[in-house]
Amino acid sequence: MTVLRFDNVSKQYAGGRVALADVSFAVGSGEMLFLTGHSGAGKSTLLKLIHLAERPSRGAVVFNERNLLKVRGRRVALHRREVGVVFQDHRLLTDRSVFDNVALPLILRGQRRGEIGKRVRSALERLGLGDREQSLPTQLSAGEQQRVGIARAVVGEPRLLVADEPTGNLDPTLSAEIMALFASLPERGTSVLIASHDLGLVKRMRKRVLVLDHGSLVDDIAPEDLADE
Ligand SMILES: Nc1ncnc2c1ncn2[C@@H]1O[C@H](COP(=O)(O)OP(=O)(O)OP(=O)(O)O)[C@@H](O)[C@H]1O
């Protein structure tokens, strides 16, 4: 089953810059893949079209068989429940506990307190943060903070997780740890799309790789065709 499809998608920002040009690809349910390319190639733009931070100029982004062009107003929030997002700078609320940060998407959805507690603890446990729920983000290491960001993105069990340079600030050991966490998500039914310009890391993961160059999708590499590190 396909969870996400780009059909001939182009994006031109106001001011005339073409960020994506006629991009087409599909992501299967439970698939994990990478998106790579030089700085300015269009990686962040592509991810923004998926969580509706931006809209395409041409073409269609189809999520769960729904054309996102038709997702407007109140439905944008409903769509975002199905797409978890992880940012490089994780964007945690610094004056709220780890628990509160992870609970936020569920509170916004109006879930019952008992249910929220259960889900948040389970997500924190899975990410090895079970004993940090009352800490403030500033009391955590960079890797722990990034794991809180991932817990917040997966707590609602999204269909798809998109991550924009999620290991950008981390050392190689922590980066590998975070990648292993992402790699465990597909078995829980979440597809994973990660933008990264760290080619070494991307190759080591042995997953499908989409390559952007100046907004065009120039390669779609199967894991078995990746060159050895
Ligand atoms: N809001 C915007 N307005 C105008 N141009 C933009 C905007 N956002 C991005 N761009 C331009 O679109 C192109 C693609 O940018 P994008 O951020 O998607 O690239 P990227 O591959 O994620 O780069 P990086 O690896 O440096 O984050 C760049 O030329 C960028 O300058």
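Residues numbered from 1 in each chain as written. Predicted model: local features only at pLDDT ≥ 70, side-chain atom pairs only at ≥ 80, totals over all residues. Heavy atoms only, no water.

Looking at an unreviewed UniProt entry, one finds the chain named Cell division ATP-binding protein FtsE, with Luteimonas rhizosphaericola as its source organism. The Subunit (unreviewed entry) field of the UniProt record for the chain holds the comment "Homodimer. Forms a membrane-associated complex with FtsX." (UniProt positions renumbered as here; feature names shortened; annotations may be inferred.)

**Q** Would you take a moment to explain the packing of helix H3 (residues 98-108) against helix H5 (residues 142-154) for this structure?
**A** The packing of two helices is summarised by the inter-axis angle and the distance between the axes. At their nearest, the axes of H3 and H5 sit 7 Å apart, and the two run at 30° to each other. In terms of axis orientation, H3 runs roughly parallel to H5. Of the two elements, H3 crosses H5, and the hand of that crossing is right-handed. Each of Val-98, Asn-101, Val-102 and Pro-105 in H3 lies in contact with H5, whose residues at this interface are Val-148, Ala-151 and Arg-152. Considered class by class, the residues forming the contact of H3 with H5 number five nonpolar, one polar and one charged. (Axes fitted to C-alpha atoms, helices over the stretch in contact; angles between N-to-C directions. Helix = DSSP H or I, 4+ residues; strand = E, 2+ residues; numbered from the N terminus. Parallel < 35°, antiparallel > 145°, perpendicular 65-115°, else oblique. Left-handed = near helix turned anticlockwise from the far one by under 90°. Contact = heavy atoms within 4.5 Å. Nonpolar A, V, L, I, M, F, W, Y, C, P; charged D, E, K, R; others polar.)

**Q** Sorry if this is basic, but what is going on with unusual backbone geometry here?
**A** Comment: phi is negative for the bulk of residues other than glycine, and the bulk of peptide bonds are trans. With a phi close to 65°, Leu-52 is a non-glycine residue in the positive phi region. Mapped onto the elements, Leu-52 comes out in the loop between helix H1 (43-50) and strand S4 (58-63). One non-glycine residue, Glu-165, lies in the positive phi region at around 45°. For Glu-165, the position within the fold is in the loop between strand S7 (160-164) and helix H6 (172-183).

**Q** Help me understand the sheet that holds S4, please; the structure alone is not making it clear to me.
**A** Strand pairing in a sheet relies on backbone hydrogen bonds, with the paired strands running either antiparallel or parallel. What the four strands build is an open sheet, ordered S2-S1-S4-S5; its pairing is antiparallel. Of all the strands in the sheet, just strand S2 (18-28) and strand S5 (66-67) have a single pairing partner and so form its edges. Across seven bridges, the pairing between strand S1 (residues 2-12) and S2 is antiparallel. If you follow Arg-5 over to S2, its bridge partner there is Ala-26. Strands S1, S2 and S4 of the sheet are contacted by H1, whose axis makes an angle of about 120° with S1. (Pairing = 2+ DSSP bridges.)

**Q** It is not clear to me how the site of the ligand should be interpreted in this structure. Could you clarify?
**A** Inspection of the region around the ligand gives Tyr-13, Arg-17, Ala-19, His-38, Ser-39, Gly-40, Ala-41, Gly-42, Lys-43, Ser-44 and Thr-45 as its neighbouring residues. Interatomic distance of 2.6 Å between a side-chain N/O atom of Ser-39 and an oxygen atom of the ligand. In the model, an oxygen atom of the ligand is placed 2.8 Å from a nitrogen or oxygen of the Ser-44 side chain. Burial of the ligand by the protein amounts to 65% of the accessible area it has alone, namely 630 Å². At a threshold of 2 Å from the grid points, most atoms of the ligand map onto the second largest pocket. Among the elements that take part in the shell around the ligand, H1 stands out by supplying three residues, more than any other. Class assignment of the residues belonging to the shell around the ligand gives a composition of three nonpolar, six polar and two charged. (Near = heavy atom within 4 Å. Polar contact = N/O pair within 3.5 Å; in protein donor to acceptor, adjacent residues only side chain to side chain. Areas by Shrake-Rupley, 256 points an atom, 1.4 Å probe, with all protein chains shown as cover. 1 Å grid on protein atoms, 1.4 Å probe; cavity = no way out; pocket = protein on both sides within 12 Å on 5 of 7 lines; lining within 4 Å. Sits in = over half its atoms within 2 Å of the grid points.)

**Q** What is the right way to look at the pairing of strand S10 (residues 216-221) in this model?
**A** Inspection of the sheet shows strand S9 (residues 208-213) paired to S10 by five bridges, in the antiparallel sense. The residue bridging Val-209 from the neighbouring strand is Ile-221, located in S10. Here S9 folds back onto S10 in antiparallel fashion, the turn holding two residues, of which His-214 has a positive phi close to 45°.

**Q** What's the story with empty space enclosed by the protein in this structure? I'm lost.
**A** Over the atoms, a rolling probe the size of a water molecule traces out where space has been left empty. All chains considered together, the criterion is met by one cavity of 30 Å³ or more. Of the voids in this model, the largest cavity is the one considered here, and its volume is about 50 Å³. Considering the residues around the largest cavity, the lining is formed by Arg-126, Val-154, Glu-157, Pro-158, Leu-185, Arg-188 and Thr-190. Its residues placed into classes, the lining of the largest cavity shows three nonpolar, one polar and three charged. Of the domains in this structure, domain 1 (1-82 + 158-229) and domain 2 (94-157) are the two that each give at least three residues to the lining of the largest cavity. (Points joined across faces, edges and corners; volume = space filled by probe spheres on them. Domains from an automatic or database assignment.)

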